[in-house]
Amino acid sequence: MSALPPCPQCSMENTYPDGSNYVCADCGHEWPMVETAKTDDSSGAVVKDANGNVLSDGDSVVLIKDLKVKGSSITLKMGTKVKSIRLVGGDHEVDCKMDAGSFMLKACYLRKA
């Protein structure tokens, strides 16, 4: 058994040290040997709307432009009010429910109501 960690991307154990990084020979992913301090997502990630206001769970927001829903014929209209948003990590920071269904939206298309 080797003391080297498996690759965090592909989970294969074929890794080797290279300078200050580990490298996966299978997928080519590199990551630092020294683990960086993990931050709590709720305190470290600040999500801001299009006007720069800080958003939090439970806020009400308004769409600032028409948004076409990918893979559907639905268009979310500008000015639609969304109540009780939930902040999540990732590319689309806001999770919400509307009459048209559940959606994940980017905060840059929202303003705090």
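Let me sum up the structure you'll find in this document. Positions within a chain are numbered from 1, following the residues in the order the chain's sequence is written. Side-chain atom pairs in this predicted model are given and counted only at pLDDT of 80 or more, local residue features only at pLDDT of at least 70, and totals for whole chains, interfaces and linings cover all residues. With hydrogens and water excluded, all non-hydrogen atoms of the structure serve as input to the side-chain values.

1. A closer look at the overall build of the protein
Here's step 1: Helix and strand assignments come from DSSP, with helices taken as H or I runs of at least 4 residues and strands as E runs of at least 2, each series counted from the N terminus. Within the protein, the secondary structure is distributed over one helix and eleven strands.
Here's step 2: For the exposure calls, accessible area comes from a 1.4 Å probe over protein chains only, and a residue counts as buried if that area is under 20% of its type's maximum, exposed if over 50%, partly exposed in between. For the protein, buried positions account for 23% of its 113 residues.
Here's step 3: Long-range contacts, defined here as pairs at least 24 residues apart, represent 34% of the contacts in the protein between residues at least 6 apart. Whether two residues touch is decided by their heavy atoms; if any such pair falls within 4.5 Å, the residues are in contact.

2. Some thoughts on the environment of Thr75
Here's step 1: As for its position among the elements, Thr75 is in strand β6 (residues 75-76).
Here's step 2: The sequence separation of Thr75 and Ala100 amounts to 25 residues, and the corresponding C-alpha distance is 9.3 Å.
Here's step 3: Those residues in contact with Thr75, other than ones at most four positions away along the chain, are Asp66, Leu67 and Lys68.

3. Comments concerning the sheet that holds strand β2 (residues 21-24)
Here's step 1: Strand order in the open sheet made by the three strands is β1-β2-β3, with antiparallel pairing throughout. On the outer flanks of this sheet lie β1 (15-18) and β3 (30-32), each paired with one strand and no other. Geometrically, the sheet is characterised by an average inter-axis angle of 30 degrees between neighbouring strands, direction not taken into account.
Here's step 2: As paired strands, β2 and β3 are joined by three bridges and run antiparallel to one another. Across the sheet, Tyr22 pairs through a bridge with Trp31, a residue of β3. Pairing between strands requires that DSSP locate at least two bridges from one strand to the other. With axes taken as lines fitted to C-alpha atoms, and helix axes fitted only over the stretch in contact, angles between N-to-C directions fall between 0 and 180 degrees.

4. Let's talk about the sheet that holds strand β11 (residues 110-112)
Here's step 1: Ordered by their spatial adjacency, three strands build an open sheet running β7-β4-β11, and the pairing between neighbours is antiparallel. The strands lining the two open edges of the sheet, one partner per strand, are β7 (81-82) and β11.
Here's step 2: Pairing geometry for strand β4 (residues 61-63) and β7, over two bridges, is antiparallel. Note on β7: the bridge partner recorded for Val61 is Val82.

5. So, the nonpolar core
Here's step 1: Within this scheme, the nonpolar core is defined by two criteria: the residues are buried Ala, Val, Leu, Ile, Met, Phe, Trp, Tyr or Cys, and they are joined through side-chain atoms within 4.5 Å. Leu76, Met98 and Leu105 are the most contacted members of the largest nonpolar core, which has 16 residues in total.
Here's step 2: Broken down by secondary-structure element, the contributors of at least two residues to this core are β4, β9 (94-98) and β10 (101-105).
Here's step 3: The element best represented in this core is β9, accounting for three residues.
Here's step 4: If we ignore the near neighbours within four places in the chain, the residues touching Met98 are Leu63, Leu76, Thr80, Val82, Phe103 and Leu105.

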